[in-house]
Amino acid sequence: MASDNSDEVLTDLETEKQHFKDVFRSFAFYRVFAMRRLEQSDRYLAALPAHHLEMLQPDIGQRQKLIKTAIDVNFEFIREMLQSSKDMFSNSSVSQDVPDFDDRSGTCGHQHRRGDEAAPGNDQTHGNRKQKRPAHIADEPEPFTMDKVMTTLKQFYRDWSAEGVAEREACYGPIITQLKHYCPLPSEEDAAPPRVLVPGAGLGRLVFDLALLGYECQGNEWSMHMLIASNFIINRSADAQKLTIHPWALNFCNNVKTADQLMGFKVPDAVPALVLSPSFRFSMSAGNFLEVYTEPESWDCVVTCFFLDTAHNPLAYIECIHNILTPGGIWINHGPLLWHWSDTQDQMSIELSYEQIRRVLKEKFHFNLLMEEVGVRSGYIQNPLSMMKTLYDSVLFVAQKPPTITTTTGDN
(Lines give C-alpha, C1' and ligand atoms only; values in the text may rest on other atoms or scores of the structure.)
Protein backbone atom coordinates (compact mmCIF):
# COMPACT_ATOMS: atom_id res chain seq x y z
CA MET A 1 0.00 0.00 0.00
CA ALA A 2 2.89 2.34 0.78
CA SER A 3 4.32 1.94 -2.71
CA ASP A 4 0.97 2.82 -4.28
CA ASN A 5 0.85 6.07 -2.29
CA SER A 6 4.41 6.92 -3.35
CA ASP A 7 3.51 6.38 -6.99
CA GLU A 8 0.49 8.64 -6.59
CA VAL A 9 2.55 11.42 -5.01
CA LEU A 10 5.17 11.14 -7.75
CA THR A 11 2.50 11.37 -10.42
CA ASP A 12 1.02 14.50 -8.80
CA LEU A 13 4.47 16.09 -8.57
CA GLU A 14 5.25 15.36 -12.20
CA THR A 15 1.91 16.84 -13.24
CA GLU A 16 2.56 19.99 -11.21
CA LYS A 17 6.03 20.31 -12.73
CA GLN A 18 4.54 20.01 -16.21
CA HIS A 19 1.97 22.66 -15.39
CA PHE A 20 4.68 25.03 -14.14
CA LYS A 21 6.65 24.49 -17.36
CA ASP A 22 3.55 25.16 -19.47
CA VAL A 23 2.91 28.45 -17.70
CA PHE A 24 6.61 29.35 -17.92
CA ARG A 25 6.48 28.70 -21.66
CA SER A 26 3.40 30.89 -22.11
CA PHE A 27 5.26 33.84 -20.59
CA ALA A 28 8.32 33.07 -22.70
CA PHE A 29 6.13 33.01 -25.82
CA TYR A 30 4.95 36.59 -25.26
CA ARG A 31 7.19 38.27 -27.81
CA VAL A 32 6.33 35.81 -30.59
CA PHE A 33 2.64 36.17 -29.79
CA ALA A 34 2.78 39.98 -29.63
CA MET A 35 4.84 40.37 -32.81
CA ARG A 36 2.37 38.22 -34.72
CA ARG A 37 -0.40 40.60 -33.72
CA LEU A 38 1.70 43.61 -34.78
CA GLU A 39 2.66 41.95 -38.07
CA GLN A 40 -1.02 41.30 -38.75
CA SER A 41 -1.66 45.02 -38.34
CA ASP A 42 1.25 45.75 -40.70
CA ARG A 43 -0.21 43.42 -43.34
CA TYR A 44 -3.61 45.07 -43.17
CA LEU A 45 -2.04 48.50 -43.51
CA ALA A 46 0.05 47.35 -46.47
CA ALA A 47 -3.13 46.13 -48.16
CA LEU A 48 -4.69 49.60 -48.11
CA PRO A 49 -4.93 51.55 -51.35
CA ALA A 50 -1.80 53.70 -51.68
CA HIS A 51 -3.69 56.98 -51.33
CA HIS A 52 -5.37 55.75 -48.12
CA LEU A 53 -2.06 54.65 -46.62
CA GLU A 54 -0.60 58.02 -47.54
CA MET A 55 -3.37 59.72 -45.51
CA LEU A 56 -2.09 57.97 -42.36
CA GLN A 57 1.56 58.85 -42.79
CA PRO A 58 3.82 59.54 -41.05
CA ASP A 59 1.87 58.86 -37.83
CA ILE A 60 0.94 55.25 -38.56
CA GLY A 61 4.48 54.16 -39.30
CA GLN A 62 5.74 55.79 -36.13
CA ARG A 63 2.97 54.10 -34.12
CA GLN A 64 3.96 50.66 -35.37
CA LYS A 65 7.59 51.26 -34.43
CA LEU A 66 6.63 52.44 -30.95
CA ILE A 67 4.42 49.39 -30.41
CA LYS A 68 7.35 47.16 -31.31
CA THR A 69 9.49 49.00 -28.78
CA ALA A 70 6.78 48.54 -26.13
CA ILE A 71 6.65 44.81 -26.90
CA ASP A 72 10.40 44.58 -26.47
CA VAL A 73 10.19 46.40 -23.11
CA ASN A 74 7.46 44.03 -21.92
CA PHE A 75 9.50 41.06 -23.04
CA GLU A 76 12.54 42.25 -21.12
CA PHE A 77 10.33 42.59 -18.04
CA ILE A 78 9.01 39.05 -18.54
CA ARG A 79 12.50 37.70 -19.13
CA GLU A 80 13.67 39.10 -15.79
CA MET A 81 10.58 37.74 -14.07
CA LEU A 82 11.13 34.24 -15.44
CA GLN A 83 14.77 34.24 -14.42
CA SER A 84 13.62 34.89 -10.85
CA SER A 85 11.08 32.06 -10.86
CA LYS A 86 13.56 29.19 -10.65
CA ASP A 87 13.38 27.51 -7.24
CA MET A 88 10.55 29.85 -6.22
CA PHE A 89 8.91 27.14 -4.11
CA SER A 90 11.17 26.56 -1.11
CA ASN A 91 9.31 23.44 0.01
CA SER A 92 8.83 21.82 -3.41
CA SER A 93 10.78 20.91 -6.54
CA VAL A 94 7.91 22.04 -8.80
CA SER A 95 9.84 25.04 -10.17
CA GLN A 96 13.12 23.20 -10.61
CA ASP A 97 14.39 22.00 -13.99
CA VAL A 98 12.58 24.75 -15.86
CA PRO A 99 13.22 24.89 -19.61
CA ASP A 100 16.06 26.96 -21.04
CA PHE A 101 14.94 30.44 -22.01
CA ASP A 102 15.98 31.79 -25.41
CA ASP A 103 16.47 35.55 -25.05
CA ARG A 104 16.45 36.05 -28.79
CA SER A 105 13.24 34.30 -29.78
CA GLY A 106 11.30 34.22 -26.55
CA THR A 107 10.94 30.45 -26.66
CA CYS A 108 11.97 27.58 -24.44
CA GLY A 109 14.17 24.61 -25.14
CA HIS A 110 11.69 22.29 -23.47
CA GLN A 111 9.27 20.58 -25.81
CA HIS A 112 5.71 19.95 -24.64
CA ARG A 113 5.04 16.23 -24.58
CA ARG A 114 1.66 15.85 -22.95
CA GLY A 115 -0.51 16.51 -25.97
CA ASP A 116 -3.98 17.77 -25.09
CA GLU A 117 -3.97 16.47 -21.54
CA ALA A 118 -5.33 19.07 -19.13
CA ALA A 119 -2.98 20.41 -16.48
CA PRO A 120 -4.15 21.22 -12.95
CA GLY A 121 -5.04 24.68 -11.79
CA ASN A 122 -7.97 27.02 -12.40
CA ASP A 123 -5.96 28.97 -14.95
CA GLN A 124 -5.30 25.94 -17.17
CA THR A 125 -8.71 24.30 -17.53
CA HIS A 126 -10.80 26.81 -19.48
CA GLY A 127 -12.31 25.73 -22.73
CA ASN A 128 -12.09 22.45 -24.58
CA ARG A 129 -8.54 21.09 -24.44
CA LYS A 130 -9.53 18.04 -26.51
CA GLN A 131 -9.72 19.99 -29.72
CA LYS A 132 -6.87 19.03 -32.04
CA ARG A 133 -4.57 21.75 -33.26
CA PRO A 134 -2.49 21.89 -36.43
CA ALA A 135 0.81 20.03 -36.04
CA HIS A 136 2.98 23.11 -36.60
CA ILE A 137 1.44 24.92 -33.60
CA ALA A 138 0.73 21.93 -31.37
CA ASP A 139 3.62 22.95 -29.12
CA GLU A 140 2.51 26.57 -28.75
CA PRO A 141 0.57 27.85 -25.74
CA GLU A 142 -3.20 27.84 -26.07
CA PRO A 143 -4.79 31.23 -26.90
CA PHE A 144 -6.60 31.35 -23.55
CA THR A 145 -3.25 30.82 -21.82
CA MET A 146 -1.78 33.78 -23.68
CA ASP A 147 -4.78 35.82 -22.56
CA LYS A 148 -3.64 35.13 -19.01
CA VAL A 149 -0.18 36.47 -19.83
CA MET A 150 -1.79 39.70 -21.09
CA THR A 151 -3.97 39.89 -17.97
CA THR A 152 -0.96 39.39 -15.70
CA LEU A 153 0.82 42.39 -17.25
CA LYS A 154 -2.27 44.48 -16.54
CA GLN A 155 -2.36 43.15 -12.97
CA PHE A 156 1.08 44.66 -12.41
CA TYR A 157 -0.41 48.03 -13.36
CA ARG A 158 -3.35 47.54 -10.98
CA ASP A 159 -1.45 46.26 -7.97
CA TRP A 160 2.07 47.64 -8.19
CA SER A 161 2.09 50.97 -10.04
CA ALA A 162 1.50 54.42 -8.59
CA GLU A 163 -1.07 55.05 -11.34
CA GLY A 164 -3.10 52.00 -10.24
CA VAL A 165 -3.84 53.54 -6.85
CA ALA A 166 -7.30 54.80 -7.88
CA GLU A 167 -8.45 51.31 -8.88
CA ARG A 168 -6.87 49.81 -5.76
CA GLU A 169 -8.59 52.38 -3.59
CA ALA A 170 -11.96 51.55 -5.16
CA CYS A 171 -11.49 47.80 -4.61
CA TYR A 172 -9.31 47.51 -1.52
CA GLY A 173 -10.28 50.76 0.24
CA PRO A 174 -13.77 49.63 1.36
CA ILE A 175 -12.32 46.34 2.62
CA ILE A 176 -9.62 48.06 4.68
CA THR A 177 -12.18 50.46 6.17
CA GLN A 178 -14.41 47.58 7.30
CA LEU A 179 -11.46 45.53 8.56
CA LYS A 180 -10.27 48.36 10.77
CA HIS A 181 -13.79 48.77 12.16
CA TYR A 182 -14.87 45.17 12.72
CA CYS A 183 -11.49 43.51 13.26
CA PRO A 184 -9.31 46.22 14.81
CA LEU A 185 -5.71 45.84 15.82
CA PRO A 186 -5.14 45.40 19.55
CA SER A 187 -4.24 48.47 21.55
CA GLU A 188 -1.68 46.56 23.60
CA GLU A 189 1.71 46.75 21.92
CA ASP A 190 2.68 43.13 22.72
CA ALA A 191 -0.70 41.59 21.86
CA ALA A 192 -0.94 39.33 18.82
CA PRO A 193 -2.65 40.95 15.82
CA PRO A 194 -5.69 39.34 14.17
CA ARG A 195 -4.88 36.62 11.65
CA VAL A 196 -6.25 37.56 8.23
CA LEU A 197 -6.49 35.25 5.19
CA VAL A 198 -6.86 36.60 1.65
CA PRO A 199 -7.74 33.82 -0.84
CA GLY A 200 -7.43 34.72 -4.51
CA ALA A 201 -4.64 37.15 -3.61
CA GLY A 202 -3.42 37.66 -7.19
CA LEU A 203 -0.18 39.65 -7.14
CA GLY A 204 -0.41 40.13 -3.39
CA ARG A 205 -0.88 43.91 -3.04
CA LEU A 206 -3.88 43.70 -0.68
CA VAL A 207 -2.00 41.18 1.48
CA PHE A 208 0.99 43.52 1.56
CA ASP A 209 -1.14 46.54 2.48
CA LEU A 210 -2.84 44.65 5.33
CA ALA A 211 0.48 43.40 6.68
CA LEU A 212 1.79 46.97 6.51
CA LEU A 213 -1.09 48.04 8.76
CA GLY A 214 0.03 45.47 11.32
CA TYR A 215 -2.20 42.46 10.67
CA GLU A 216 -0.83 38.93 10.46
CA CYS A 217 -1.77 38.27 6.87
CA GLN A 218 -1.48 35.38 4.44
CA GLY A 219 -2.47 35.38 0.78
CA ASN A 220 -3.49 32.28 -1.12
CA GLU A 221 -3.36 31.89 -4.90
CA TRP A 222 -3.90 29.00 -7.29
CA SER A 223 -3.08 30.56 -10.65
CA MET A 224 0.52 29.75 -11.57
CA HIS A 225 0.67 32.87 -13.73
CA MET A 226 -0.13 34.96 -10.65
CA LEU A 227 2.23 32.99 -8.42
CA ILE A 228 5.21 33.51 -10.72
CA ALA A 229 4.39 37.22 -10.99
CA SER A 230 3.80 37.76 -7.26
CA ASN A 231 7.01 35.91 -6.39
CA PHE A 232 8.91 38.28 -8.66
CA ILE A 233 7.47 41.47 -7.28
CA ILE A 234 7.32 40.47 -3.60
CA ASN A 235 10.49 38.43 -3.17
CA ARG A 236 12.86 39.52 -5.93
CA SER A 237 12.29 43.23 -6.59
CA ALA A 238 14.94 45.39 -4.97
CA ASP A 239 14.29 48.94 -6.21
CA ALA A 240 11.14 51.02 -6.49
CA GLN A 241 9.97 51.99 -9.98
CA LYS A 242 12.94 50.34 -11.63
CA LEU A 243 11.01 48.29 -14.19
CA THR A 244 8.69 49.45 -16.97
CA ILE A 245 5.62 47.77 -18.44
CA HIS A 246 3.29 48.71 -21.29
CA PRO A 247 0.13 46.78 -20.36
CA TRP A 248 -2.02 48.01 -23.26
CA ALA A 249 0.53 47.71 -26.06
CA LEU A 250 -1.69 45.23 -27.94
CA ASN A 251 -4.96 47.05 -27.32
CA PHE A 252 -5.71 48.59 -30.71
CA CYS A 253 -9.32 49.54 -29.94
CA ASN A 254 -10.98 52.44 -28.12
CA ASN A 255 -7.91 54.69 -28.00
CA VAL A 256 -8.60 58.42 -27.93
CA LYS A 257 -4.95 59.19 -28.57
CA THR A 258 -2.29 57.01 -30.11
CA ALA A 259 -0.19 57.55 -26.99
CA ASP A 260 -2.89 55.92 -24.84
CA GLN A 261 -2.03 52.52 -26.27
CA LEU A 262 1.64 53.06 -25.58
CA MET A 263 1.47 54.23 -21.96
CA GLY A 264 4.32 52.92 -19.84
CA PHE A 265 4.25 52.48 -16.07
CA LYS A 266 7.02 52.05 -13.54
CA VAL A 267 6.76 49.15 -11.09
CA PRO A 268 6.79 48.47 -8.25
CA ASP A 269 5.70 51.64 -6.48
CA ALA A 270 6.61 49.97 -3.17
CA VAL A 271 9.21 47.28 -2.50
CA PRO A 272 7.99 44.71 0.05
CA ALA A 273 11.51 43.48 0.81
CA LEU A 274 12.53 46.99 1.83
CA VAL A 275 9.34 48.03 3.61
CA LEU A 276 8.45 44.93 5.62
CA SER A 277 10.80 44.16 8.48
CA PRO A 278 11.22 40.62 9.84
CA SER A 279 8.69 41.46 12.55
CA PHE A 280 5.89 41.76 9.98
CA ARG A 281 3.79 38.64 9.55
CA PHE A 282 3.26 38.39 5.82
CA SER A 283 3.20 35.25 3.65
CA MET A 284 1.81 33.75 0.47
CA SER A 285 0.66 30.16 -0.07
CA ALA A 286 0.08 28.27 -3.31
CA GLY A 287 -2.74 25.83 -3.95
CA ASN A 288 -6.46 25.22 -4.12
CA PHE A 289 -8.18 27.25 -1.40
CA LEU A 290 -10.57 24.41 -0.56
CA GLU A 291 -7.73 21.91 -0.21
CA VAL A 292 -5.16 24.07 1.57
CA TYR A 293 -7.39 25.55 4.26
CA THR A 294 -9.09 22.79 6.21
CA GLU A 295 -8.07 23.47 9.83
CA PRO A 296 -11.17 24.59 11.77
CA GLU A 297 -11.25 27.88 13.62
CA SER A 298 -7.80 28.98 12.52
CA TRP A 299 -8.41 32.50 11.13
CA ASP A 300 -9.84 35.61 12.78
CA CYS A 301 -10.82 37.17 9.48
CA VAL A 302 -11.18 36.10 5.84
CA VAL A 303 -11.08 38.79 3.16
CA THR A 304 -12.38 37.97 -0.32
CA CYS A 305 -11.95 40.55 -3.08
CA PHE A 306 -13.27 39.62 -6.54
CA PHE A 307 -12.97 35.99 -5.42
CA LEU A 308 -16.36 34.49 -4.60
CA ASP A 309 -17.38 34.25 -8.27
CA THR A 310 -14.27 32.19 -9.15
CA ALA A 311 -15.88 29.15 -7.51
CA HIS A 312 -17.26 26.19 -9.39
CA ASN A 313 -19.54 25.81 -6.37
CA PRO A 314 -19.81 28.96 -4.22
CA LEU A 315 -21.47 26.99 -1.42
CA ALA A 316 -18.19 25.11 -0.97
CA TYR A 317 -16.36 28.44 -0.57
CA ILE A 318 -18.90 29.63 2.00
CA GLU A 319 -18.69 26.34 3.88
CA CYS A 320 -14.89 26.48 3.94
CA ILE A 321 -14.83 30.08 5.16
CA HIS A 322 -17.33 29.23 7.90
CA ASN A 323 -15.19 26.28 8.96
CA ILE A 324 -11.86 28.10 9.18
CA LEU A 325 -13.14 31.21 10.94
CA THR A 326 -12.84 31.36 14.71
CA PRO A 327 -16.13 31.73 16.61
CA GLY A 328 -17.12 35.36 16.19
CA GLY A 329 -14.70 35.66 13.26
CA ILE A 330 -15.25 38.14 10.45
CA TRP A 331 -15.69 37.60 6.70
CA ILE A 332 -15.35 40.69 4.51
CA ASN A 333 -16.37 40.29 0.87
CA HIS A 334 -16.20 42.76 -2.00
CA GLY A 335 -16.84 41.94 -5.64
CA PRO A 336 -19.29 41.08 -8.40
CA LEU A 337 -20.84 37.75 -9.35
CA LEU A 338 -19.35 37.21 -12.79
CA TRP A 339 -19.16 33.41 -12.27
CA HIS A 340 -15.93 32.68 -14.10
CA TRP A 341 -16.89 29.17 -15.17
CA SER A 342 -20.26 30.10 -16.63
CA ASP A 343 -20.59 28.94 -20.26
CA THR A 344 -17.27 27.08 -20.06
CA GLN A 345 -17.62 23.70 -21.71
CA ASP A 346 -17.38 20.64 -19.43
CA GLN A 347 -16.82 22.76 -16.32
CA MET A 348 -19.24 22.77 -13.40
CA SER A 349 -20.62 26.22 -12.62
CA ILE A 350 -23.23 27.00 -9.97
CA GLU A 351 -24.47 30.52 -10.66
CA LEU A 352 -26.37 32.18 -7.82
CA SER A 353 -27.83 35.62 -7.27
CA TYR A 354 -26.68 37.68 -4.33
CA GLU A 355 -30.15 37.20 -2.88
CA GLN A 356 -29.59 33.44 -2.83
CA ILE A 357 -26.11 33.77 -1.34
CA ARG A 358 -27.43 36.13 1.33
CA ARG A 359 -30.13 33.66 2.33
CA VAL A 360 -27.63 30.79 2.61
CA LEU A 361 -25.29 32.93 4.72
CA LYS A 362 -28.02 33.84 7.19
CA GLU A 363 -30.28 30.79 7.28
CA LYS A 364 -27.91 27.87 6.67
CA PHE A 365 -24.63 29.07 8.16
CA HIS A 366 -26.15 31.54 10.63
CA PHE A 367 -23.77 34.35 9.72
CA ASN A 368 -24.74 37.71 11.15
CA LEU A 369 -24.56 40.37 8.46
CA LEU A 370 -22.99 43.34 10.22
CA MET A 371 -23.07 45.54 7.12
CA GLU A 372 -23.85 45.23 3.44
CA GLU A 373 -23.93 47.55 0.50
CA VAL A 374 -24.96 46.77 -3.06
CA GLY A 375 -23.72 48.93 -5.90
CA VAL A 376 -20.17 49.68 -4.79
CA ARG A 377 -18.66 50.95 -8.04
CA SER A 378 -15.25 49.52 -8.99
CA GLY A 379 -13.28 48.47 -12.05
CA TYR A 380 -10.82 45.69 -12.73
CA ILE A 381 -7.57 46.24 -14.65
CA GLN A 382 -9.11 49.03 -16.68
CA ASN A 383 -7.19 51.38 -18.94
CA PRO A 384 -8.16 54.73 -17.40
CA LEU A 385 -7.93 56.50 -20.78
CA SER A 386 -9.86 53.92 -22.83
CA MET A 387 -13.12 54.85 -24.54
CA MET A 388 -14.62 51.65 -23.12
CA LYS A 389 -14.53 50.70 -19.44
CA THR A 390 -16.18 47.90 -17.52
CA LEU A 391 -17.36 48.97 -14.09
CA TYR A 392 -18.96 46.65 -11.57
CA ASP A 393 -21.68 47.57 -9.09
CA SER A 394 -20.24 45.16 -6.58
CA VAL A 395 -21.51 43.79 -3.30
CA LEU A 396 -19.68 44.69 -0.09
CA PHE A 397 -20.65 42.83 3.06
CA VAL A 398 -19.26 42.02 6.49
CA ALA A 399 -20.48 38.73 7.97
CA GLN A 400 -19.74 37.45 11.45
CA LYS A 401 -19.60 33.77 12.34
CA PRO A 402 -21.70 33.01 15.43
CA PRO A 403 -19.70 33.10 18.66
CA THR A 404 -20.90 29.58 19.40
CA ILE A 405 -20.81 26.61 17.00
CA THR A 406 -24.04 26.05 15.10
CA THR A 407 -24.54 22.81 13.18
CA THR A 408 -25.64 23.32 9.59
CA THR A 409 -26.37 19.66 8.80
CA GLY A 410 -30.06 19.02 8.47
CA ASP A 411 -31.10 22.67 8.40
CA ASN A 412 -34.17 23.33 6.29
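### As for the environment of C305
Turning to step 1, where the next piece is worked out: Counting through the fold element by element, C305 comes out in strand β8 (residues 299-305).
Turning to step 2, where the next piece is worked out: Distance in space between the C-alpha atoms of C305 and G200 is 7.5 Å, their sequence separation being 105 residues.
Turning to step 3, where the next piece is worked out: Excluding residues within four positions of it along the chain, C305 makes contact with C171, Y172, I175, L206 and H334.

### Thoughts on the sheet that holds β8
Turning to step 1, where the next piece is worked out: The strand order across the open sheet formed by seven strands is β7-β4-β3-β8-β9-β11-β10, and the pairing between neighbours is mixed. Unpaired on one side and paired on the other, β7 (282-286) and β10 (368-379) mark the two borders of the sheet. Between one strand axis and the next, the sheet turns by 20° as a mean value, whatever way the strands run.
Turning to step 2, where the next piece is worked out: Of the pairings in the sheet, the one linking strand β9 (residues 325-335) to strand β11 (residues 391-400) comprises six bridges and is antiparallel in character. Looking at β11, one finds that H334 is bridged to L396.
Turning to step 3, where the next piece is worked out: Strand contacts of helix α6 (residues 165-182): β3 (195-199), β8, β9, β10 and β11, with the helix running at about 165° to β10, the strand carrying the most contacts.

### Re α6
Turning to step 1, where the next piece is worked out: For α6, spanning 18 residues, the distance from its first C-alpha to its last is 24 Å, which sits close to the expected 26 Å at 1.5 Å a residue.
Turning to step 2, where the next piece is worked out: Considering bend angle alone, the principal kink of α6 is centred on Y172 and spans about 45°; proline P174 follows within four residues of it.
Turning to step 3, where the next piece is worked out: Residues of α6 that are buried include every one of E167, R168, C171, Y172, G173, P174, I175, I176, Q178 and L179, and no others.

### Describing the side chain of S41
Turning to step 1, where the next piece is worked out: Within the element layout of this structure, S41 appears in helix α2 (residues 30-46).
Turning to step 2, where the next piece is worked out: At 3.2 Å, the side chain of S41 forms a polar contact with the side chain of Q64.
Turning to step 3, where the next piece is worked out: The residues touching S41, leaving out its near neighbours within four places in the chain, are R63, Q64 and F252.

### Quick word on the packing of helix α5 (residues 143-160) against helix α8 (residues 224-236)
Turning to step 1, where the next piece is worked out: One way to put it is that α5 packs onto α8 with a least axis distance of 10 Å and a crossing angle of 35°. Between α5 and α8 lies a crossing whose hand is right-handed. Each of T145, K148, V149, T152, Q155, F156 and W160 in α5 lies in contact with α8, whose residues at this interface are H225, M226, A229, F232, I233 and I234.
Turning to step 2, where the next piece is worked out: When the residues that make up the contact of α5 with α8 are grouped by side-chain class, the tally is eight nonpolar, four polar and one charged.

### Some points on the environment of C320
Turning to step 1, where the next piece is worked out: Tracing the chain through its elements places C320 in helix α12 (residues 314-324).
Turning to step 2, where the next piece is worked out: Of the residues examined, C320 reaches a relative accessible area of 8% and is grouped as buried.
Turning to step 3, where the next piece is worked out: Sequence separation between C320 and L290 is 30 residues; the distance between their C-alpha atoms is 6.6 Å.
Turning to step 4, where the next piece is worked out: Here C320 is in contact with F289, L290 and Y293, once residues within four sequence places are set aside.

### Comments concerning a nonpolar patch on the surface
Turning to step 1, where the next piece is worked out: A cluster of nonpolar side chains, contributed by L48, M55 and L56, occupies part of the molecular surface with about 270 Å² of accessible area.
Turning to step 2, where the next piece is worked out: Following the sequence through the fold, M55 ends up in helix α3 (residues 50-56).

### Focus: the pattern of salt bridges
Turning to step 1, where the next piece is worked out: Counted under the stated rule, the structure contains 16 salt bridges.
Turning to step 2, where the next piece is worked out: Where D72 meets R31, a salt bridge forms, and the shortest distance between an N and an O atom there is 2.8 Å. Remark: R31 occurs in helix α2 and D72 occurs in helix α4 (residues 59-83); sequence separation between them is 41 residues.
Turning to step 3, where the next piece is worked out: Between R358 and E372 there is a salt bridge, with the nearest N and O atoms lying 2.6 Å from each other. Taken together, the residues span a long stretch of sequence, with R358 in helix α13 (residues 354-364) and E372 in strand β10 at a distance of 14 residues.

### Examining the confidence of the model for the protein chain
Turning to step 1, where the next piece is worked out: Model confidence for the protein chain is summarised by a mean pLDDT of 87, while 83% of its residues fall at 70 or above.
Turning to step 2, where the next piece is worked out: The model gives residues 1-10 a pLDDT under 50, and that stretch makes zero contacts with residues more than four places away or in other chains.

### Section: the packing of aromatic side chains
Turning to step 1, where the next piece is worked out: With the rule as written, the count across this model stands at 18 aromatic pairs.
Turning to step 2, where the next piece is worked out: Ring geometry for W331 versus F397: centroids 5.1 Å apart, planes at 80°, classification edge-to-face. Placement of the pair is W331 in strand β9 and F397 in strand β11, with a sequence separation of 66 residues.
Turning to step 3, where the next piece is worked out: A residue is classified by how much of its surface remains accessible, and W331, at 0% relative accessible area, is buried.
Turning to step 4, where the next piece is worked out: Relative accessible area serves as the criterion here: at 0%, F397 is assigned to the buried category.

### A look at the nonpolar core
Turning to step 1, where the next piece is worked out: F27, Y30, I71, F77, F156, I228 and I245 are the most contacted members of the largest nonpolar core, which has 46 residues in total.
Turning to step 2, where the next piece is worked out: With eight residues, the top contributor of residues to this core is α8.
Turning to step 3, where the next piece is worked out: Residues contacting I228, with those up to four places away along its chain left out, are F20, V23, F27, M81, L82, S85 and M88.

Rules of the game
Residues numbered from 1 in each chain as written. Predicted model: local features only at pLDDT ≥ 70, side-chain atom pairs only at ≥ 80, totals over all residues. Heavy atoms only, no water. Helix = DSSP H or I, 4+ residues; strand = E, 2+ residues; numbered from the N terminus. Contact = heavy atoms within 4.5 Å. Pairing = 2+ DSSP bridges. Axes fitted to C-alpha atoms, helices over the stretch in contact; angles between N-to-C directions. Expected span 1.5 Å × (residues − 1). Bend = angle between axes of the 7 residues up to and from the residue. Buried < 20%, exposed > 50% of the residue type's maximum accessible area, 1.4 Å probe, protein only. Polar contact = N/O pair within 3.5 Å; in protein donor to acceptor, adjacent residues only side chain to side chain. Left-handed = near helix turned anticlockwise from the far one by under 90°. Nonpolar A, V, L, I, M, F, W, Y, C, P; charged D, E, K, R; others polar. Patch = residues over 30% accessible without salt bridge, like charges linked within 9 Å, V, L, I, M, F, W, Y side chains within 5 Å. Areas by Shrake-Rupley, 256 points an atom, 1.4 Å probe, with all protein chains shown as cover. Salt bridge = Lys/Arg side-chain N within 4 Å of Asp/Glu carboxyl O. pLDDT = per-residue confidence, 0-100. Phe/Tyr/Trp six-rings, centres within 6.5 Å; stacked < 30°, edge-to-face > 60°. Core = buried A, V, L, I, M, F, W, Y, C linked by side-chain atoms within 4.5 Å.

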